[in-house]
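Each chain, letter by letter, is given below.
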Protein chains: 2
Amino acid sequence: MDKLVDRLGSVVGSVVVDPDVLEAHRQDAATFCTAGAPLVLVRPSTTAEVQEVVRAAGEYGVPIVTQGARTGLSGAANAIDGCILLSTARMNQVLEVSVEDQVAVVQPGVINADLSRAVLEQGLFYPPDPSSWEMSTVGGNIATNAGGLCCVKYGVTGDFVRGLEVVLASGEVIRTGRRTVKGVAGYDLTHVIVGSEGTLGIVTEATLALRPAPEAALTAAATFLSIEEGVAAAAAVMGSGLRPSLLEFIDGVTARAIQDYRDMGLPANVGSLLLAQSDRGPRAAEDVAAIAEICTAHGAVDVAVASDAEESAMLLEARRLVHFANEKLGTSLIDDVAVPRSQLVALLHGIDAISKQYDVLIACPGHIGDGNMHPTVIFDQADPAAQARALEAFGAVMDLGLSLGGTITGEHGVGKLKRQWLAQELGPVGLQLQRDVKAAFDPRGLLNPDKLFL
Amino acid sequence: MDKLVDRLGSVVGSVVVDPDVLEAHRQDAATFCTAGAPLVLVRPSTTAEVQEVVRAAGEYGVPIVTQGARTGLSGAANAIDGCILLSTARMNQVLEVSVEDQVAVVQPGVINADLSRAVLEQGLFYPPDPSSWEMSTVGGNIATNAGGLCCVKYGVTGDFVRGLEVVLASGEVIRTGRRTVKGVAGYDLTHVIVGSEGTLGIVTEATLALRPAPEAALTAAATFLSIEEGVAAAAAVMGSGLRPSLLEFIDGVTARAIQDYRDMGLPANVGSLLLAQSDRGPRAAEDVAAIAEICTAHGAVDVAVASDAEESAMLLEARRLVHFANEKLGTSLIDDVAVPRSQLVALLHGIDAISKQYDVLIACPGHIGDGNMHPTVIFDQADPAAQARALEAFGAVMDLGLSLGGTITGEHGVGKLKRQWLAQELGPVGLQLQRDVKAAFDPRGLLNPDKLFL
Ligand SMILES: Cc1cc2nc3c(=O)[nH]c(=O)nc-3n(C[C@H](O)[C@H](O)[C@H](O)COP(=O)(O)OP(=O)(O)OC[C@H]3O[C@@H](n4cnc5c(N)ncnc54)[C@H](O)[C@@H]3O)c2cc1C
Ligand SMILES: Cc1cc2nc3c(=O)[nH]c(=O)nc-3n(C[C@H](O)[C@H](O)[C@H](O)COP(=O)(O)OP(=O)(O)OC[C@H]3O[C@@H](n4cnc5c(N)ncnc54)[C@H](O)[C@@H]3O)c2cc1C
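Residues numbered from 1 in each chain as written. Chains lettered and ligands numbered in written order. Predicted model: local features only at pLDDT ≥ 70, side-chain atom pairs only at ≥ 80, totals over all residues. Heavy atoms only, no water.

Honestly, the site of ligand 1 in this entry has me stumped. Any pointers?
All names here are of chain A. Near ligand 1 you find 33 residues, and of these T66, G68, T71, S132 and T137 are the closest. A distance of 2.9 Å separates an oxygen atom of ligand 1 from a polar backbone atom of G147. In the model, a nitrogen atom of ligand 1 is placed 3.1 Å from a nitrogen or oxygen of the E411 side chain. In isolation ligand 1 offers 980 Å² of accessible surface; the protein chains occlude 93% of this area. Ranked by the residues each element gives to the shell around ligand 1, the list is headed by helix α5 (residues 138–144), at 5 residues. Grouping the constituent residues of the shell around ligand 1 by class yields 11 nonpolar, 19 polar and 3 charged. (Near = heavy atom within 4 Å. Polar contact = N/O pair within 3.5 Å; in protein donor to acceptor, adjacent residues only side chain to side chain. Areas by Shrake-Rupley, 256 points an atom, 1.4 Å probe, with all protein chains shown as cover. Helix = DSSP H or I, 4+ residues; strand = E, 2+ residues; numbered from the N terminus. Nonpolar A, V, L, I, M, F, W, Y, C, P; charged D, E, K, R; others polar.)

What follows is the structure in C-alpha cells.
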C-alpha cells in the first residue's frame, strides 16, 4: 500500500497520511454510524487528477470514498477500512455563470452558499438550499439529491441538475445530460447519478439550472394548540394554489424546546407552529395575508405576518433554532421519513405512540409542504438502555412511514445508516435491479462499496 | 410460432393476427422510418396479463414492441420482424385521483386529454400537454418524456412522474419511485425508465403529480419583421422573471404558410411571430401586458393582447395551424433539436444556410422558451433527388445543433430515426454505459431491441 500512496503522490497535488487529519475525515455528521480507518486522503484539483486516482485505486483494488464537506446525515461519506478518501475540497471553482442561458457550471467542491452568492450577483437564483448550505458542497448536494426549505416551491437539487461530468470506476470520463433545458437523447443517466451517494461515479463538474432571482420573501407564522390543526392548515395552504416558497412545521415538543431556549412568547400548551413564506415580490404581502387567513380559519390562536424582510427573518427565527433547541434536550437521532400529505396526521399520531412504547422523546419538525418530516429521537446517551430504545424507535418510525405509503428517506439518503430498511422499501426484485445497475457502472465495486446496500 | 400465438391466446383477452390490423399497427407517425412485419398484436388489460406476455416472449425468444397510440415521431413504436406488438389500448383506466395528495394513479393506455379532463373535474391540473394530447397515451408520454406547450413553465412529462409500476424483461414486476413528493431511497430508476422508449420495461401503472388548476390563460401575440428581433424578445421575456405558461416561436416561412392557409392579417415580409401566455389568474392581464411591452421594445410591428379566453384562443390559432400550413407546402420531415437559448440565432442562421446548401425549404417553429425548435424540412416527395437532399439536410440540422452545444432531440426521442446521431451526442464511453444499463435491465434484448442503439 505504500506503493499506492507513492503513486498517488506522483499524480495528485495533495496527498495526506497524517493520522490526525485522517481521523478528522473518517465520518460525516450522522450519529451512531460506524466508520473504518482510511489509508490516505487525496484532494485532487482537476478531473484528470481524479481519473489518475481512480485508475490507481483500480490497479490496487482499493475502494474510494468521495467526500464533500462531510455534513451528510446517513454515514454515506464515512471511511471504509483501507480506503482512499477523495475530497473535492480543492475543486471549488464556479467555472461559468451564464445570464442568457440561466445556467452555472461548477466544480463539485463549491460550497452551496458560495454558488448562491455568485449567481445572485448576476441577478440569478440557485434554489436548492439545504440548511447546511453554508457548509455543504454542490457535489455532496447532488450525490444526496439534497432538499431544503424552498423545495416546496422549487423542487430538490436534482431538479436543477442539467448535466454532469463524471469519472467512472474505470477511470474514464463521461458527460451526461446537457446544457439545454430539454433533451431526451438516450437514458437519463444524470438523474441516476443524482442521489447515488458516490457509488456510481465521481462528479467532477455540474451544469446547473438557475432562475431569475425573486425578491426577498415575506413570512407568516401561526401558532396552534393542536397538531391536527397545524397539519390541516398546511394541507389547506397546499390545496389553495398559493405556492408558498417555504412551509415548515414545528411540533409541540420542539416548540416548547425553542421557548425554553429563547423566549418567543409561545404558549406552554402550544401544539404546533406553521411557518410560511411567499417570495412573489409585490404579491408576497397578499400571499402571506391569505395564508394567515387560512391558518386563522383552521384554529390558529396567534398569527403573525411580516411586512418586511427584517420581520420575516425574526418570524423564521424559530425554524433556525429547531436544531439547537432539541440538542439541549439530549442526544438526537434525526430521521427523515416522507409520507403522502394525506397521511401526516397518522404519521404524527403513530410517532406519538412509538414515543410512548419505547419511552423516548420524539420531536417532529419537518418540511410539511412536501410531507417530509424529521422525527428526532431524543435520549440520554449516558444511559445504554435509553440508547438501545432510541435505536429501536428510530427503526419503528421508518416502518411506520413505509406502512403509510411513504419512504424511509426524503432527502438525507440511505448511506450506511439505513441500508437494512432499503430492502424493505424496494422489495427483492427492485433491490436486485438496483444492484445490477450498480454493477453496470462499477462492476468491481470500487466506489463507496459498503454504502446503500447491505 | 403458432404455439406462441396459442399460448398468448390462453393468457390475454385480445390477441390479433389479422393481417390488416397488423399492417395498421406497424408504424408510428414518423416519416421515412422503416418498420418490420409483426407476428401478432396483443392487448392485455392487466399487469398480470402483461407479465404473461413477457414470460411467453422470453420462452420463445421473441421481441416485444410496446405501443401506446403510435403518435410517436421517431419510429420508436415501429414493429420489428416477427415481434409481438403489445398495445396498452385496453389498460386505459384512471385508477385514482387524490385531491389531498395531488396525485393521479393511472394505467398506461389512458389518453393524455382524458386524464387532464378527469383531474380538472376535481380542480386539479396535469400539465404535460404534447400537441398530440387528444391522441397520445400517458404511457407513451412517459416512455418518450414528452414535452408540450406549457413545459416552459411547468416542465416535461418526467417532472410529473413520481412512481411507476414496470414489468421487466424477466416478467417480474417492480415499483419504482413513490407517491410522496420527495424521496431518495436508492437509485432513481423511475427517471431512467422515463424516456426509455419501451427498451427497459413496460410501464403498467404510473403515479403522477398534479397541481391546483390555474385559471384560463391570456395570450399575447407579436409580429416581427426579422428572426433576430423575435428571438431577442423571447430571450428578454425569459430573463424577466415573468414565467409565461407558453412561449412559442413561429418563423417567417411558417408564418407565410399560415397566412396563405388562412388570412390572419400577417404582413408579407413577416420575419417571426412570438406567442406567449400567462395563466396567473388575476395577474395574467398584467403579465401579458408586460410581455407585449417587451415585444414592442424589441421591435414588434404588431402586438395583440387578449383580454379574455376567447380572444386568447384566437391569437393562439396561428400556433395550431403550424402543422397544417406547413403540410400544404410539401412533405415534411420534422426535426427536434434543442440548443442553449444563447445559441438560437446561430441555430436559425445555420438552418438558413443548410436550406440553401441542400436546396430545400426549412421552416423552423419551436418551443423557444426552452430552446427546443422543430426545424421542418419541406420537399417534394415525388422527386427522389429532393428527398435525398431533404434527408441530408435533416442530418445537417442535427450536426448543427450538436455543434452549438445542443441535443439531437428535445422531446421526440431517438427511436429508430436518430440512432446514428446518438453515438455522436453521447460519445463512445457514454454510449457503452447506456448499453450496459440496457443490459442490466434486459440482458437478452427482448424489449424493443432495434431502437435507440444501432
Ligand atoms: C446542520 C445540518 C443541516 C442539514 N440540512 C439539510 C437539509 O435541509 N436538507 C438536506 O437534504 N440535507 C441536509 N443536511 C445533510 C447534508 O448537509 C446533505 O446531505 C449534503 O448534501 C451533504 O453535502 P456534503 O458536501 O457535506 O457531502 P458529504 O457528506 O461529504 O457526502 C455525502 C455523499 O455524497 C457523496 N459525494 C460527495 N461529493 C461527491 C462527488 N463530487 N461525486 C460523487 N459523490 C460525492 C459522498 O460519497 C457521500 O455519499 C444537513 C446536515 C447538517 C449537518
Ligand atoms: C400531431 C402530433 C403532435 C405532437 N406533438 C408533440 C409535442 O408537442 N411534444 C412531444 O413531446 N411529442 C409530440 N408528438 C409526438 C408523440 O405524440 C409523443 O412522442 C407521444 O408521447 C407518444 O405517445 P404514444 O402513446 O403515441 O406512444 P407511441 O408512439 O405508441 O410509443 C412511443 C414510445 O413509447 C413506448 N411506449 C408506449 N407505451 C409504453 C408503455 N406503457 N411502457 C413502455 N413503453 C411504452 C413505445 O414502445 C415507443 O418507444 C406529436 C405527435 C403528433 C403526431
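Would you mind showing me how to read the site of ligand 2 here?
All names here are of chain B. Close to ligand 2 lie 32 residues; T66, G68, T71, S132 and T137 are nearest. The separation between an oxygen atom of ligand 2 and a polar main-chain atom of G68 is 2.7 Å. Within the contact set of ligand 2, an oxygen atom lies 2.8 Å away from a backbone nitrogen or oxygen of G72. Isolated, ligand 2 exposes 980 Å² of accessible area, and the fraction of that covered by the protein chains is 94%. Of all elements in the fold, only β3 (64–67), α5 (138–144) and β10 (202–209) reach the threshold of two or more residues within the shell around ligand 2. Counting residues per element, the shell around ligand 2 draws most heavily on α5, at 5 residues. Split into classes, the residues belonging to the shell around ligand 2 amount to 10 nonpolar, 19 polar and 3 charged. Both domains that furnish three or more residues to the shell around ligand 2 are identified here as domain 1 (2–87) and domain 2 (94–212). (Domains from an automatic or database assignment.)

Please clarify how the sheet that holds strand β9 (residues 173–177) of chain B should be interpreted in this entry.
Within a beta sheet, neighbouring strands are joined by backbone hydrogen bonds and run either parallel or antiparallel to one another. Residue and element names in this part refer to chain B. A sheet is described by the order of its strands in space; here 5 strands give the open sequence β5-β6-β10-β8-β9, paired in antiparallel fashion. In this open sheet, the two edge strands, each paired with only one partner strand, are β5 (94–98) and β9. Each strand axis lies, on average, 10 degrees off the axis of its neighbour in the sheet, ignoring direction. In this sheet, β10 lies alongside strand β6 (residues 103–106) in antiparallel orientation, the contact comprising 4 bridges. Directly across from V103, in β10, lies its bridge partner A209. Of the strands in this sheet, β8 (161–167), β9 and β10 touch helix α3 (residues 47–60), which is tilted by about 50 degrees from β8. (Pairing = 2+ DSSP bridges. Axes fitted to C-alpha atoms, helices over the stretch in contact; angles between N-to-C directions. Contact = heavy atoms within 4.5 Å.)

When you look at the pairing of strand β14 (residues 272–278) of chain A in this model, what are you seeing that I'm missing?
Two faces make up the sheet, and in a regular strand the side chains alternate between them. Residues and elements named next belong to chain A. In terms of residue burial, β14 counts as a mostly covered element, since 7 of its 7 residues are buried. Of the two faces of β14, the one carrying S272, L274, A276 and S278 and the one carrying L273, L275 and Q277 are both buried. Where strand β12 (residues 218–224) lies against β14, 7 bridges are found, and the strand directions are antiparallel. Counterpart to T219 in the pairing with β14 is Q277. Two elements, strand β13 (residues 246–251) and β14, share 6 bridges in a ladder whose sense is antiparallel. Directly across from I250, in β14, lies its bridge partner L273. (Buried < 20%, exposed > 50% of the residue type's maximum accessible area, 1.4 Å probe, protein only.)

Is there a simple way to explain the interface of chain A and chain B in this structure?
As a measure of interface size, the accessible area lost when the parts come together is often cited. Counting residues at the interface gives 71 residues for chain A, matched by 71 residues for chain B. Together, the buried faces of chain A and chain B total about 5,500 Å²; carbon and sulfur atoms form 60% of this surface. Considering only the surface of chain A that becomes buried against chain B, K182(A), V184(A) and Y187(A) emerge as the three largest contributors, covering 18% of it. The salt bridge involving R283(B) is made with E286(A); its shortest N-O contact spans 3.2 Å. At the junction of chain A and chain B, the tally comes to 22 residue pairs in polar contact (both at pLDDT 80 or more). (Buried area = accessible area lost by both parts, 1.4 Å probe. Salt bridge = Lys/Arg side-chain N within 4 Å of Asp/Glu carboxyl O.)

Explanation requested: the environment of A69(A) in the structure shown.
Residue and element names in this part refer to chain A. Within the secondary structure layout, A69 lies in the loop between β3 (64–67) and β4 (84–87). For the pair A69 and G139, spaced 70 residues apart in sequence, the C-alpha separation works out to 9.2 Å. Beyond its immediate chain neighbours, meaning those up to four positions away, A69 contacts M135, S136 and T137.

Whenever I open this one, the UniProt feature "domain: FAD-binding PCMH-type" (unreviewed entry) in chain A confuses me. Can you help?
Under the local residue numbering, the UniProt record ascribes the feature "domain: FAD-binding PCMH-type" (unreviewed entry) to residues 34–213 of chain A. Secondary structure content for residues 34–213 of chain A is 21% helix and 24% strand, while the C-alpha to C-alpha distance between its ends is 41 Å. (UniProt positions renumbered as here; feature names shortened; annotations may be inferred.)

Help me out: how do you make sense of the relation of the copies chain A and chain B in this one?
Two copies of a chain can be linked by a rotation about an axis combined with a shift along that same axis. Note on the copies: chain A fits chain B at an RMSD of 0.0 Å, the axial shift is 0.0 Å, and the rotation between them is 180 degrees. The symmetry that links the two subunits is that of a two-fold axis. When the interface residues of chain A are mapped onto chain B, 100% of them again fall at the interface, so both copies present the same face. (Least-squares fit on C-alpha atoms with pLDDT ≥ 70 in both.)

Could you clarify how one ought to interpret the packing of aromatic side chains in this entry?
To describe a pair of aromatic rings, you give the distance between the ring centres and the angle between the ring planes. The full count for this structure, using the stated rule, is 10 aromatic pairs over all chains. Relative to Y187(B), the ring of F453(A) lies with its centre 5.9 Å away and its plane at 70 degrees, an arrangement referred to as edge-to-face. Of this pair, F453(A) sits in the segment after α14 (419–441) while Y187(B) sits in the loop between β9 and α7 (190–193), placing the two residues on different chains. The pair formed by F453(A) and Y187(B) is uniform in burial state, with each residue classed as buried. Ring geometry for F394(B) versus W421(B): centroids 6.4 Å apart, planes at 90 degrees, classification edge-to-face. Note that F394(B) is positioned in helix α13 (residues 384–403) and W421(B) in helix α14 (residues 419–441), a separation of 27 residues in sequence. Classification of F394(B) by relative accessible area gives buried; the value is 3%. (Phe/Tyr/Trp six-rings, centres within 6.5 Å; stacked < 30°, edge-to-face > 60°.)

I'm lost on the confidence of the model for chain A in this one. Help?
The predicted structure's coordinates, where accompanied by low pLDDT, should not be read in detail. Averaged over all residues, the pLDDT of chain A is 96; the fraction at 70 or higher stands at 100%. This prediction of the complex comes with two scores: 0.97 for pTM and 0.96 for ipTM. (pLDDT = per-residue confidence, 0-100.)

Explain the sheet that holds strand β17 (residues 361–363) of chain B to me, please; I cannot follow it from the model alone.
Residues and elements named next belong to chain B. Read across the open sheet, the 3 strands follow the order β16-β20-β17; overall the sheet is antiparallel. Only two strands of the sheet have a single neighbouring strand rather than two, namely β16 (331–334) and β17. For this sheet, the mean inter-axis angle between neighbouring strands, taken without regard to orientation, is 30 degrees. Pairing analysis gives 4 bridges linking β16 to strand β20 (residues 376–379), with the strands arranged antiparallel.

It is not clear to me how the packing of helix α9 (residues 252–261) of chain B against helix α11 (residues 309–329) of chain B should be interpreted in this structure. Could you clarify?
For any two helices packed against each other, one specifies the crossing angle of their axes together with the interaxial distance. All names here are of chain B. Across the interface, α9 lies against α11 with an axial gap of 8 Å and an inter-helix angle of 90 degrees. With respect to their mutual orientation, α9 and α11 come out roughly perpendicular. Contact residues: α9 offers V253, T254, A257, I258 and Y261, while α11 offers A318, L321, V322, F324, A325, N326, K328 and L329. For the contact of α9 with α11, the residue count by class is 10 nonpolar, 2 polar and 1 charged. (Parallel < 35°, antiparallel > 145°, perpendicular 65-115°, else oblique.)

Any chance you could explain the packing of helix α8 (residues 227–239) of chain B against helix α10 (residues 284–297) of chain B here in plain terms?
All names here are of chain B. The contact between α8 and α10 brings their axes to 9 Å, and the two run at 140 degrees. Judged by the inter-axis angle, α8 sits oblique to α10. Here α8 runs over α10; the crossing is right-handed. Taken together, the residues of α10 that come into contact with α8 (itself represented by A233, A236 and V237) are I291, I294 and C295. Here the contact of α8 with α10 is built from residues that sort into 6 nonpolar, no polar and no charged. (Left-handed = near helix turned anticlockwise from the far one by under 90°.)

I'm lost on unusual backbone geometry in this one. Help?
With glycine set apart, most residues show a phi of negative sign, and most peptide bonds adopt trans. Positive phi, normally seen in glycine, also occurs at Q102(A), with a value near 50 degrees. With respect to the helices and strands, the residue Q102(A) is situated in the loop between β5 (94–98) and β6 (103–106). What makes Q102(A) buried here is its relative accessible area of 8%. Its identity as a non-glycine residue notwithstanding, D359(B) has a phi of 55 degrees, on the positive side. The topology assignment puts D359(B) in the loop between α12 (344–358) and β17. Look at D359(B) and you get exposed, because its relative accessible area is 55%.

Hey, could you run me through the domain arrangement of chain A in this one?
Residues and elements named next belong to chain A. Per the domain assignment, the segments of chain A are domain 1 (2–87), domain 2 (94–212), domain 3 (215–320) and domain 4 (330–413). Each of domain 1 and domain 4 has a C-alpha centre, and the two are 32 Å apart. Contacts between domain 1 and domain 4 engage 4 residues on the former and 8 residues on the latter. Taken together, both faces of the contact between domain 1 and domain 4 bury some 530 Å²; the carbon and sulfur share is 72%. Linking domain 1 with domain 4 are 0 salt bridges, by the criterion used here. Our enumeration of links across domain 1 and domain 4 arrives at 1 residue pair in polar contact (both at pLDDT 80 or more). Residue composition of the side of domain 1 that touches domain 4, by class: 2 nonpolar, 2 polar and no charged.

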